[in-house]
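Results of the structural survey
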Amino acid sequence: MFCYQCEGTAKGTGCDKVGVCGKQPEVSDLQDLLVYSLKGTAFWANLARENGSKDAEIDRFMVKALFTTVTNVDFSDASVTEVIKEAVALKTKAKALAGSYAGSVPPAAQDWELPSDQAALLALSQLHGVKDAGIDVDIQSIRSTLLFGIKGYAAYADHALNLERENDEVYAFTHKALAAMLDDSLGLMDYVGMAMECGRINLVTMELLSVAHTDKYGHPVPTPVQLGTKAGKAILVSGHDMLFLEKLLEQTEGKGINIYTHGEMLPAHGYPGLKKYSHLVGNWGGAWQDQHKEFQSFPGAIVFNTNCIQKPADNYKDRLFTWDRVQFPDVKHINGWDFSEVIDCAQAAKGFPEAPGQEILTGFGHNAVLGVADKVIAAVKAGDIKHFFLVGGCDGAKSGRNYYTEFAEKVPQDCVILTLACGKYRFNKLEFGDIGGIPRLLDVGQCNDAYSAVQIALALADAFECEVNDLPLSFIISWYEQKAVAILLTLLHLGIKNIKLGPTLPAFITPNVLNFLVENFNISPVTTAEEDLKAILG
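Cut-offs applied
Residue numbers run consecutively from 1 along every chain, following the written order of its sequence. In keeping with the predicted nature of the model, local features appear solely for residues at pLDDT of at least 70, side-chain atom pairs appear and are counted solely at 80 or more, and the whole-chain, interface and lining totals rest on all residues. The side-chain numbers reported here are obtained from all heavy atoms of the structure, hydrogens and water having been left aside. For helices the rule is a DSSP run of H or I covering at least 4 residues; for strands it is a run of E covering at least 2, with both sets numbered from the N terminus onward. Radius of gyration here is computed from C-alpha atoms only, and the compact-globule reference equals 2.2 Å multiplied by the residue count raised to the power 0.38. The buried label applies to any residue whose accessible area, calculated with a 1.4 Å probe on protein chains only, is under 20% of its type's maximum; exposed applies above 50%, and partly exposed to all values in between. Given the number of residues in a helix, its expected span is that number minus one, multiplied by 1.5 Å. Pairs of N or O atoms within 3.5 Å make up the polar contacts considered here, provided that, within protein, one atom can donate a hydrogen while the other can accept it, and that residues adjacent in sequence are counted only when both atoms are side-chain atoms. The criterion is simple. A nonpolar core is a set of buried Ala, Val, Leu, Ile, Met, Phe, Trp, Tyr and Cys residues joined through side-chain atoms within 4.5 Å. When checking whether two residues touch, look at their non-hydrogen atoms; a contact exists if any pair is within 4.5 Å. Throughout this description, the term salt bridge denotes a Lys or Arg side-chain nitrogen within 4 Å of a carboxyl oxygen of Asp or Glu. Only strands joined by at least two bridges in the DSSP assignment are considered to pair. Inter-axis angles, ranging from 0 to 180 degrees, are taken between N-to-C directions of lines fitted to C-alpha atoms, where helices are fitted over the stretch in contact. Orientation is classified from the angle alone, with under 35 degrees giving roughly parallel, over 145 giving roughly antiparallel, 65 to 115 giving roughly perpendicular, and any other angle giving oblique. In this scheme the crossing of two helices becomes right-handed for a clockwise turn of the near helix relative to the far one and left-handed for an anticlockwise turn of less than a right angle. Geometry of aromatic contacts follows a simple scheme: Phe, Tyr and Trp rings, the Trp one being its six-membered ring, pair when their centres are within 6.5 Å, and the pair is stacked under 30 degrees between planes, edge-to-face over 60, tilted otherwise. Either the NZ atom of lysine or the CZ atom of arginine qualifies as a charge over a ring when it sits within 6 Å of the ring centre and within 35 degrees of the ring normal. Each residue gets one label: Ala, Val, Leu, Ile, Met, Phe, Trp, Tyr, Cys and Pro are nonpolar, Asp, Glu, Lys and Arg are charged, and the others, such as Gly, are polar.

Overview of the overall build of the protein chain
Secondary structure summary: the protein chain contains 19 helices and 16 strands in total. Relative to a compact globule of 538 residues, whose C-alpha radius of gyration would be 24 Å, the protein chain shows 23 Å and is just as compact. On the principal axes, the C-alpha backbone points of the protein chain span a range of 70 × 60 × 45 Å. Across the 538 residues in the protein chain, those meeting the buried criterion constitute 61%.

Rendered as structure tokens:
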């Protein structure tokens, strides 16, 4: 195996024995074969589209299969094998849809047999790793960046699809870009252009998901969230999928079971259509990497509806469930929308005593913030607000992430912090106060709610009749997995400069590609909180 798609990758270069995430070599190799198969399918699907033909089954499968390969999603070799089989079958369908083709066909798109023997399948998978020694290292770097960005927005497209929202432009680019990775005639700048386009497509996808959420659940509103516990049986929901939470709330209503959010589900409390359920009572724990110590003391059922699962400990494994794309060996799995097994588990468990705790605020999406834009603008013009910092992104387990806590703590009192994604757990329990009634810490939402942050920035730029880069606004980004790569590409697509990225730079970025980012966007790694604040504020 070789995997370097996440920030936590071994030695900062790549996992080659077992994934830092817990991914076994067999699963890693099979996921590589799946991506190889998807490129072959995309080759024909892209040709079919050029000829005016497309297929909804192929389009929807592509995003779901890519989501399967995102960090901390599917750890089951049996599950990944089934997705590979489907990819190969749909390649045949896409080829038929494309019609006659007289050009050169890359190996991934050719007809090849899928071994029925698992050992032979694993041997085949080892021939198609994420790195190709036969191509230029810089092209390999930007191809990897493009692939990981596509994986990132595929996760958002999958959530939107659950809400019956899709965008054909997303599907078309996915096929085009994956097929382009098989074309060795393309140069470095061709792939750079595609990476920037990937950023635009991610923005389209995040908007699609944002509108799907707000159409169904209303715009988020500032809401205090209880971190303590309420007496009664309990279910903990971890992940990102709001429709999953709604279905669970519906099925548990009136049954004496309280629902708690975990990780990236925290922003659910801000949606009127979800907060109306009185048994959505609070948030338990923090970011994904602390689940081992936090889950063992949760006295109820636990469900992962998207990525961020780790190898479970024995003391809570019997109360753990996975759903849809998420799978882990020997963990109970649910397909579909019947959560009776989870409910039964919760009712059999001990449950919580009454123990109120601290409250934190969420729900500051773009609609809420722009609803008081006049106050924000007046505070800036009066000099009460000197600067805005977007401090957000993924959290993780590697050392160095205390930087984000220190940075938030050291931000001057006349500055406002926007935050999103699970990186906010580094500081969202701290007291920041307010500026003229405007909270100094504004929780914009999930990682996909970077769309809201962009809308806030664009609205401020419009109000002050300037470019976003001219605003008193700085981006301090933490990354871990592929959705963060997609969001970074979106910021670059928008021309955002002076981004500080950390805690470490991606292992898949070569010095030449990094130099391109520095020269064109002045992107830089984080240093220390003091040094970075001094450089930004002077």
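Structure shown, so let's carry the discussion forward.
Details of helix α5 (residues 137-162)
Taking 1.5 Å per residue as the helical rise, α5 with its 26 residues ought to reach 38 Å, and the 38 Å between its terminal C-alpha atoms agrees with that figure. The element α5 is largely enclosed, with a buried count of 25 among its 26 residues. The N-cap residue of α5 is Asp136: its side-chain oxygen and the backbone nitrogen of Asp138 are 2.9 Å apart.

What about the nonpolar core?
Core analysis: the biggest nonpolar cluster contains 176 residues, and Leu146, Ile150, Ile235, Leu245, Ile259, Leu274 and Ile499 have the highest contact counts within it. For this core, the leading source of residues is helix α7 (residues 188-217), giving 14 residues. In contact with Leu245, not counting residues within four places along its chain, are Val237, Ile259, Thr261, Met265, Ala268, Leu274 and Leu280. In terms of nonpolar packing, the next biggest core, distinct from the first, is built from 16 residues, Val411, Ile417, Phe427 and Ala529 among them.

Concerning the pattern of salt bridges
Pairing between side chains of opposite charge can happen when the charged atoms of each approach one another. Throughout the structure, instances matching the rule amount to 23 salt bridges. In this structure, Glu246 and Lys216 form a salt bridge, with 3.6 Å as the shortest nitrogen-oxygen distance. Placement of the pair is Glu246 in helix α8 (residues 242-252) and Lys216 in helix α7, with a sequence separation of 30 residues. Judged by relative accessible area, which is 11%, Glu246 ranks as buried. Relative accessible area serves as the criterion here: at 42%, Lys216 is assigned to the partly exposed category. Here the salt bridges share partners, and the residues they tie into one network are Arg49, Lys54, Asp59 and Asp168.

What to know about the environment of Ala98
Inspection of the secondary structure puts Ala98 in helix α3 (residues 77-98). Of the residues examined, Ala98 reaches a relative accessible area of 6% and is grouped as buried. Each C-alpha atom, one on Ala98 and one on Ser53, is 7.2 Å from the other, the two residues being 45 residues apart in sequence. What Ala98 contacts, discounting residues up to four positions off in sequence, is Trp44, Leu47, Ala48 and Asn51.

Quick word on the sheet that holds strand β4 (residues 280-283)
Strand order across the open sheet formed by six strands is β4-β3-β2-β5-β6-β7, with parallel pairing between neighbours. Two strands bound the open sheet, and with one partner strand each, they are β4 and β7 (332-334). Direction aside, the axes of adjacent strands within the sheet are offset by 30 degrees on average. Alignment of strand β2 (residues 233-238) against strand β3 (residues 257-262), held across six bridges, turns out to be parallel.

Quick look at the packing of helix α6 (residues 168-180) against α7
Close contact between α6 and α7 brings their axes to 10 Å; oriented N to C, the two are set at 155 degrees. Classified by the angle their axes make, α6 and α7 are roughly antiparallel. For the crossing formed where α6 meets α7, the hand is left-handed. Mapping the contact onto sequence places Glu169, Val170, Phe173, Lys176, Ala177 and Ala180 in α6 and Tyr191, Met194, Glu197, Cys198, Arg200, Ile201, Val204 and Thr205 in α7.

Comments concerning the packing of aromatic side chains
What describes a pair of aromatic rings is the distance from one ring centre to the other and the angle between the planes of the rings. Applying the stated criterion across every chain yields a total of 28 aromatic pairs. One aromatic cluster is present, built from ring pairs that chain together Phe2, Tyr4, Phe148, Trp479 and Phe508. Of note, Lys247 hangs over the ring of Trp337, and the distance from its end group to the ring centre comes to 5.8 Å.

Structural notes on the environment of His219
When you line up the elements, His219 lands in the loop between α7 and β1 (223-226). Along the sequence, His219 and Asn367 sit 148 residues apart, while their C-alpha atoms lie 6.6 Å from each other. His219 has contacts with Thr214, Gly270, Pro272, His366 and Asn367, leaving out every residue within four places of it along the chain.

Remarks on the sheet that holds strand β9 (residues 387-393)
Taken together, the six strands give an open sheet; going across it, the order is β13-β10-β9-β14-β15-β16, and neighbouring strands pair in parallel fashion. For this open sheet the edge positions go to β13 (441-445) and β16 (524-525), each flanked by a neighbour on one side alone. Pairing analysis gives three bridges linking strand β14 (residues 473-478) to strand β15 (residues 500-502), with the strands arranged parallel. Note on β15: the bridge partner recorded for Ile476 is Lys500.

With respect to the packing of helix α1 (residues 25-50) against helix α4 (residues 118-125)
At a minimum axis separation of 8 Å, α1 and α4 run at an interaxial angle of 65 degrees. Taken together, the axes of α1 and α4 are roughly perpendicular relative to one another. As for how α1 packs across α4, the hand of that crossing is left-handed. Here α1 contributes Glu26, Asp29, Leu30 and Leu33 to the contact with α4, which in turn contributes Gln118, Leu121, Leu122, Leu124 and Ser125. Counted by class, the contact of α1 with α4 contains five nonpolar, two polar and two charged residues.

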